[in-house]
Amino acid sequence: MTTGFSLYGWLIGLGQGVLRWLFGWWTVVFIGAQLAVLAFSPSSYGAEARGAVLRQIYRAAGPGLPGFTTLMALFNVVLIRILVVTAFAYGLTQYALDAVVRVLVLELIPLIAALFVAVEYTIPGGSELYKLRRSGALQALRERGVEPLSHEVLPRVLAGMFAVLLLAALSCFLSLVLAYIAVHGFTLAGVPSYNHAVGNIFNPVVSLIFSMKTLLFAIAVALLPVANALRDIPRRASRTSVELQGLVQMFVLMLVIEIASLIGNYY
């Protein structure tokens, strides 16, 4: 009898957990749809709204840009050197550039840029929204006739997306320059062959998958912490638990995106 009750309780708990999981993702999709409508609405970009977006963009990309660029340059130099030396050692010189571009540019850089923005901006931003919601500040905005989604949430999401795309673009350019120097040295003689090799890698299908993956990473990083901050969760939940839920959802979604891109690129 006790075993039957324990199994029944376990099934009830499992069902409730699945429902909470589905409701959490439904909330993310619903909030994302609302923000997409606001993002394409001209009324969301008045003078005050533009100022809020620009301030959030600076907060998202400005302070961390020099440090991120420096760290990425060091990371690129070390990893490119390892890949190039390994390729030369095994007599695979012709594949050195291909390995560098595929490993660094196609796979690692979008992921690193997204994680950097998540840690530096979007997760703390979600925590800030959570505190505003719990303190009643968002409700106070509604009572004054100001929509919190367009005034507080949309600027943060747009800034997070912009920061991921900006850092990924700068890192890709830096990686391609450093890869050229590592393979051909400080000479322009290798530019034609380098352009040909990179062009063969970035065919239309790979370029589309790379662009879509980077954009989806940006959306995931920018949206999930905000959506979790706006969810109706138990009162006992702490700010840390909200951040952890957003982080877990973000990793799951980014893993799915990465697996889909690998299938598209290599299968």
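Note that the structure is a prediction, hence the values are computed from the model and not measured.

1. Notes on the pattern of salt bridges
In this structure the tally under the stated criterion is 6 salt bridges. Between Glu107 and Lys213 there is a salt bridge; the shortest N-O distance is 3.2 Å. Taken as a pair, Glu107 in helix α4 (residues 96-135) and Lys213 in helix α8 (residues 204-230) lie far apart in primary sequence, 106 residues in all. The residues Glu107 and Lys213 share a single accessibility class, namely buried. Taken together, the shared-partner salt bridges in this structure form one network comprising Arg59, Glu128, Glu152 and Arg156.

2. Here's the deal with the confidence of the model for the protein
Here the protein shows a mean pLDDT of 83. Residues at 70 or above account for 92%. At the low end of the mean pLDDT range in the protein sits helix α1 (residues 2-39), at 76; at the high end sits α8, at 91. Per-residue pLDDT stays below 50 along residues 234-239; that stretch engages in 8 contacts with residues further than four places along the chain or on separate chains.

3. Overview of the side chain of Glu258
Topologically, Glu258 is positioned in helix α9 (residues 239-266). Looking at Glu258, the relative accessible area reads 15%, which means it is buried. Discounting residues that sit within four places of it in the chain, Glu258 has contacts with Glu107, Lys213 and Phe217.

4. Observations concerning the side chain of Thr27
In this structure, Thr27 sits in helix α1. Dropping the residues within four chain positions of it, Thr27 is found in contact with Ala227 and Arg231.

5. A closer look at the nonpolar core
In this structure, Leu35, Val153 and Val221 are the most contacted members of the largest nonpolar core, which totals 60 residues. If one sorts the elements of this core by residue count, α4 sits on top with 15 residues. If we ignore the near neighbours within four places in the chain, the residues touching Val221 are Ala114, Val117, Ala118, Thr122, Val164, Met250 and Met254.

6. Some thoughts on the packing of α4 against α8
Where α4 meets α8, the axes come as close as 7 Å, and the angle between the chain directions of the two elements is 20°. It follows that α4 is roughly parallel to α8 by the angle criterion. Considering the relative orientation of α4 and α8, their crossing is right-handed. Split into classes, the residues belonging to the contact of α4 with α8 amount to 19 nonpolar, 3 polar and 3 charged.

What counts, and where the lines are drawn
- Residues numbered from 1 in each chain as written.
- Predicted model: local features only at pLDDT ≥ 70, side-chain atom pairs only at ≥ 80, totals over all residues.
- Heavy atoms only, no water.
- Salt bridge = Lys/Arg side-chain N within 4 Å of Asp/Glu carboxyl O.
- Helix = DSSP H or I, 4+ residues; strand = E, 2+ residues; numbered from the N terminus.
- Buried < 20%, exposed > 50% of the residue type's maximum accessible area, 1.4 Å probe, protein only.
- pLDDT = per-residue confidence, 0-100.
- Contact = heavy atoms within 4.5 Å.
- Core = buried A, V, L, I, M, F, W, Y, C linked by side-chain atoms within 4.5 Å.
- Axes fitted to C-alpha atoms, helices over the stretch in contact; angles between N-to-C directions.
- Parallel < 35°, antiparallel > 145°, perpendicular 65-115°, else oblique.
- Left-handed = near helix turned anticlockwise from the far one by under 90°.
- Nonpolar A, V, L, I, M, F, W, Y, C, P; charged D, E, K, R; others polar.

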